Amino acid sequence: MANIILFVRDFQRGAELSEKLSSINLNVSFGESIYDLPDKCSLAILDFDDKKFNNLDFILELKTKAKIKLICYKSVLQKESHDELKNAGCDLVVTNASIVINIQKLVKNLLN
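Residues numbered from 1 in each chain as written. Predicted model: local features only at pLDDT ≥ 70, side-chain atom pairs only at ≥ 80, totals over all residues. Heavy atoms only, no water.

Undergrad: Got a minute to help me understand the sheet that holds strand β1 (residues 3-7) in this structure?
TA: Strand pairs in the sheet, formed through backbone hydrogen bonds, run parallel or antiparallel to each other. Strand order in the open sheet made by the five strands is β2-β1-β3-β4-β5, with parallel pairing throughout. Of all the strands in the sheet, just β2 (27-30) and β5 (92-95) have a single pairing partner and so form its edges. Ignoring strand direction, the axes of neighbouring strands in this sheet form an average angle of 20°. Where β1 lies against strand β3 (residues 41-47), five bridges are found, and the strand directions are parallel. Bridge assignment links Ile 5 to a residue of β3, and that residue is Ala 44. Those strands touched by helix α2 (residues 56-66) are β1, β3 and β4 (69-74), and its axis lies near 160° from that of β4. Helix α4 (residues 96-111) rests against β1, β3, β4 and β5 of the sheet, and its axis sits at about 155° to β5. (Pairing = 2+ DSSP bridges. Helix = DSSP H or I, 4+ residues; strand = E, 2+ residues; numbered from the N terminus. Axes fitted to C-alpha atoms, helices over the stretch in contact; angles between N-to-C directions. Contact = heavy atoms within 4.5 Å.)

Undergrad: How should the packing of α2 against helix α3 (residues 79-88) be read in this particular structure?
TA: A pair of packed helices can be characterised by two numbers: the angle between their axes and the separation between those axes. Interhelical geometry of α2 versus α3 gives an angle of 30° and a closest axis separation of 9 Å. Considering the angle they form, α2 stands roughly parallel to α3. When α2 is examined against α3, the residues Leu 56, Ile 59 and Leu 60 are found in contact with a partner set consisting of Glu 84, Leu 85 and Ala 88. Each residue belonging to the contact of α2 with α3 can be placed in one class, and the counts come to five nonpolar, no polar and one charged. (Parallel < 35°, antiparallel > 145°, perpendicular 65-115°, else oblique. Nonpolar A, V, L, I, M, F, W, Y, C, P; charged D, E, K, R; others polar.)

Encoded structure:
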């Protein structure tokens, strides 16, 4: 069972994601900094609309120190912001609508 951390402060979205991920036998925890990462964390999901996590340095820190896969989501994606997130280290960049609908498939593809 893989460990996943959600850097999501929107309670409703966090609950939806947590429920869908738990249903495919993944351990889900919530965090606010790199120090909240569980042991052997495989994946982090970041809400890039949240000012706390809307930081390319945070993505770089997660990618280099924790060496985990990253999914970033944002309400409106333009090519420039998509490219910035990919260049910073996000393995997948999706919209808010897509993250909830496709989370199980996205995570399975990234972790396999």
